[in-house]
Amino acid sequence: MDLRLSGKRAIVAGGSKGIGLAIARGLAAEGVDVAILARTAESVDSVAAQISAEFGVRAIGVLTDTRDGVVVHASVHEVVETFGGVDILVNSAATPWSAGKPTDFWSTTDEVVRDQIEVKVLGYLRTARAVAPHMVAQGWGRIINISGLGARSATSIAHTIRNVSVSALTKNLADELGPSGINVTVVHPGVTRTERLNARIEGEMNLTGRSLDEVEAGIATNSIRKIVDASEVADVVTFLASPRSVSITGDAIAAGGGVPGPVYY
């Protein structure tokens, strides 16, 4: 299937590593020019150079902290000046949720929740706010927000709130921007194979003496009993970024290999 993406221009916020990097590579493989937004100058520049060399597309790195609205607008302006416009926004910039963070009611302070919302919810809103006028002007666009299956599980107040909030943001944007030719969707990855997960697996192997297969079997509790790779999440996002996805907007797409038991409809 030709996704009709060649020549499109994308911003991937949080595109220097993990799922964001896999998405940037997935888009570039389809001929999309890619701007990588991240907080570390060295990583955005090196990643952009690697993508450009490998896929033959234009790729730039733009140092951006999505917690700062002024910086976000300046970054989007730089991308538009360089590429001549922007067609796709992927929001993947977020502080990873990790073991050790407060999960119960009694230890969840205002600051814990505020910290999670600042980047993953308000950061997504800021980038969408900066990009949307350009998409409206051209009558076409795609915004894909990366959230997580934590939106469907009450395992932590702050974790659930930030992911559900991204879904709420997505639906509101989809309804408002849809008449202008802009589709907005949210993708919920589950446990995903990234650099970070590989380090965790290696640590568990060293600590417990268990084999790679044994450790991964304990992690892969999804329906397919397999850890989904970041590139496989990127495949889903790449389709949603394409003109082929016109019938999908405002909805959540789970990309975690299936959650055993519950029926979502």
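That block above? That's the structure.
Attention in this report is confined to the structure presented alongside it. This one's a predicted model, so the numbers in the text were calculated from it and none came from an experiment. (Residues numbered from 1 in each chain as written. Predicted model: local features only at pLDDT ≥ 70, side-chain atom pairs only at ≥ 80, totals over all residues. Heavy atoms only, no water.)

Attention now goes to helix H1 (residues 18–29). Here H1 contains 12 residues, and its C-alpha end-to-end distance of 17 Å stays within 8% of the 16 Å for a straight helix at 1.5 Å per residue. Of all 12 residues that make up H1, 10 are buried, and the element is covered over most of its length. In the segment just after H1, glycine 31 is the residue with positive phi, at about 90°. (Helix = DSSP H or I, 4+ residues; strand = E, 2+ residues; numbered from the N terminus. Expected span 1.5 Å × (residues − 1). Buried < 20%, exposed > 50% of the residue type's maximum accessible area, 1.4 Å probe, protein only.)

A complete count under the given rule lists 1 aromatic pair for this structure. Their ring planes at 65° and their centres at 4.7 Å tell us that phenylalanine 105 and tryptophan 106 sit as a pair that is edge-to-face. Note on phenylalanine 105: relative accessible area 54%, which makes it exposed. It is lysine 8 that lies over the ring of tryptophan 140; its NZ or CZ is 4.1 Å from the centre. (Phe/Tyr/Trp six-rings, centres within 6.5 Å; stacked < 30°, edge-to-face > 60°. Lys NZ or Arg CZ within 6 Å of the ring centre and 35° of its normal.)

Further remarks concern the packing of helix H7 (residues 195–208) against helix H8 (residues 212–219). It is the contact of H7 with H8, at a shortest axis distance of 9 Å, that shows an interaxial angle of 120°. If you check the angle between H7 and H8, you find them oblique. With respect to the hand of their crossing, H7 and H8 are arranged in right-handed fashion. On the side of H7, the interface is formed by Leu197, Arg200, Ile201, Glu204 and Met205, while H8 contributes Leu212, Val215, Glu216 and Ile219. Partitioned by chemical class, the residues of the contact of H7 with H8 number 6 nonpolar, no polar and 3 charged. (Axes fitted to C-alpha atoms, helices over the stretch in contact; angles between N-to-C directions. Parallel < 35°, antiparallel > 145°, perpendicular 65-115°, else oblique. Left-handed = near helix turned anticlockwise from the far one by under 90°. Contact = heavy atoms within 4.5 Å. Nonpolar A, V, L, I, M, F, W, Y, C, P; charged D, E, K, R; others polar.)

Here we come to the sheet that holds strand S4 (residues 88–91). With parallel pairing, the 7 strands of this open sheet are ordered in space as S3-S2-S1-S4-S5-S6-S9. In this open sheet, the two edge strands, each paired with only one partner strand, are strand S3 (59–63) and strand S9 (252–255). The average undirected angle you get between the axes of adjacent strands in this sheet is 20°. Here S4 pairs with strand S5 (residues 141–146) via 4 bridges, running parallel. Along S5, the bridge assignment pairs asparagine 91 with asparagine 145. The sheet strands contacting helix H5 (residues 122–138) are strand S1 (9–13), S4, S5 and strand S6 (182–189), and the helix crosses S4 at an angle near 170°. (Pairing = 2+ DSSP bridges.)

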